[in-house]
Amino acid sequence: MSTVEIPLFPLRTVLFPGGFLPLRIFEQRYLNLVRECARSDTGFGVCLIREGEEAVAPVKTAEVGTYAQIIDWYTLEDGLLGVSTTGTTRFATENSWQEDDGLFRAHIRILAEPPSCPIPEEFSILSNVLGRFMEKLDHQYPDYTPAHLQDAVWVGYRLSELLPLGGIEKQHLLELSDPLDRLQSLIDIMPRFQSA
């Protein structure tokens, strides 16, 4: 499969396909990135920072990330630029580098997403948990309908992003290509939250 070149935005967070990510933009290189994306109607890659401090030193990012599309931008109360983005599809980084202006770029390969599939009965508890999240957060997911709670891919991605998990754990869930493997991992994690 052919590779495409995209700008990267390394973050201490993991974006999932269909997820919502608001960003506060203040560094010149990322203002340039947003301008470039707005001008060409393209997005950028969001990758988890595995090592290093993004604003201070070179960073090492996860190889699998999510392509983000800007859906809105606005001025924040502090005068900085705010952008709302949504995750579209996962990708694997073939190679990445830093430009003279500090912006990261990469050659990426888009990873195929599995088709929607119904949630097997043994994972129905996950639909119930997500349903409770959605009662409070449905405004972040304008396309959300209760039917989404029966889609194994959608439920796996949403719970992976909404549960209070560490970055490395979320990254592992992002990298799983089989939605049922992701649901099984989430079932294994759930007891941690039930005792809290």
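For every chain, the first residue of the written sequence is number 1, and numbering continues from 1 onward in sequence order. Where local features are concerned, this predicted model is filtered to residues with pLDDT of at least 70; where side-chain atom pairs are given and counted, the filter is 80 or more; whole-chain, interface and lining totals use all residues. In computing side-chain properties, one takes all heavy atoms of the structure into account and sets aside hydrogens as well as water.

Draft legend 1. The environment of asparagine 32, seen in detail. In DSSP terms, a helix is any run of H or I states spanning at least four residues, a strand is any run of E spanning at least two, and both are numbered starting from the N terminus. Inspection of the secondary structure puts asparagine 32 in helix α1 (residues 28–40). Remark: the alpha-carbon pair of asparagine 32 and leucine 176, spanning 144 residues in sequence, is separated by 32 Å.

Draft legend 2. Highlighting the layout of surface pockets. Throughout, the protein atoms alone are placed on a 1 Å grid, and a set of points is a cavity if a 1.4 Å probe fits but cannot get out or a pocket if it is open with protein on both sides within 12 Å along at least five of seven lines; lining residues have an atom within 4 Å of a point. Grid points are joined across faces, edges and corners, and a volume is the space filled by probe spheres set on the points. When its volume is computed, the largest pocket comes out at roughly 370 Å³. Around the largest pocket, the lining comprises 19 residues; the ones closest to its centre are Gly18, Gly19, Thr86, Asp143 and Trp154. Examining the composition of the lining of the largest pocket, we find that four residues originate from one element, helix α3 (residues 152–162), more than from any other. Grouping the amino acids of the lining of the largest pocket by side-chain chemistry returns ten nonpolar, five polar and four charged. Under the convention adopted here, Pro, Cys and the residues Ala, Val, Leu, Ile, Met, Phe, Trp and Tyr are nonpolar, Asp, Glu, Lys and Arg are charged, and Gly plus all remaining residues are polar.

Draft legend 3. The arrangement of the packing of α3 against helix α5 (residues 179–189) in detail. Note on method: axes are straight lines fitted to C-alpha atoms, helices fitted across the in-contact stretch only, with angles between N-to-C directions ranging 0 to 180 degrees. Direction vectors running N to C along α3 and α5 enclose 40°, while the axes themselves pass 9 Å from each other. Classified by the interaxial angle, the pair formed by α3 and α5 is oblique. Seen from above, α3 lies across α5 with left-handed handedness. Taking contact as the criterion, the partners of Ala152, Val153, Val155, Gly156, Tyr157, Leu159 and Ser160 in α3 are, on α5, Pro179, Leu180, Arg182, Leu183 and Leu186. Taken together, the residues that form the contact of α3 with α5 break down as nine nonpolar, two polar and one charged. By the definition adopted for this analysis, an angle is roughly parallel if under 35 degrees, roughly antiparallel if over 145, roughly perpendicular if from 65 to 115, and oblique otherwise. Crossing handedness is defined as follows: a turn of the near helix away from the far one that is anticlockwise and smaller than a right angle gives a left-handed crossing, while the clockwise case is right-handed. Only heavy atoms enter the contact rule, under which two residues are in contact if any of them lie within 4.5 Å.

Draft legend 4. Just α5, in detail. Burial classes follow relative accessibility: with a 1.4 Å probe on protein chains only, a residue under 20% of its type's maximum area counts as buried, one over 50% as exposed, and anything between as partly exposed. All buried positions along α5 are accounted for by Pro179, Arg182, Leu183, Ser185, Leu186 and Ile189. The buried residues of α5 occupy an angular sector of 160° when projected down its axis, which confines them to one face. Turning to α5, the residues buried within the fold contact α2 (124–137), α3, α4 (167–175) and α6 (191–194). What qualifies as a polar contact is a pair of N or O atoms within 3.5 Å, subject to a donor-acceptor requirement within protein and to the restriction that residues adjacent in sequence count only when both atoms come from side chains. Here α5 starts with a cap whose side-chain oxygen sits 2.8 Å from the backbone nitrogen of leucine 180, and that cap is aspartate 178. Think of it as the arc spanned by the lines of direction from the helix axis to the C-beta atoms.

Draft legend 5. Structural context of the nonpolar core. For our purposes a nonpolar core is just a set of buried Ala, Val, Leu, Ile, Met, Phe, Trp, Tyr and Cys residues, chained together by side-chain atoms within 4.5 Å. Grouped together as the largest cluster of nonpolar side chains are 33 residues, with contacts concentrated most on Leu126, Leu130, Leu159 and Leu183. The greatest single-element share of this core, amounting to seven residues, is contributed by α3. Not counting residues up to four positions away in its chain, the partners in contact with leucine 130 are Leu149, Trp154, Val155, Arg158, Leu159 and Leu162. Ranked by size, the runner-up nonpolar core spans 27 residues in total, among them Leu11, Leu23, Val59 and Leu103.

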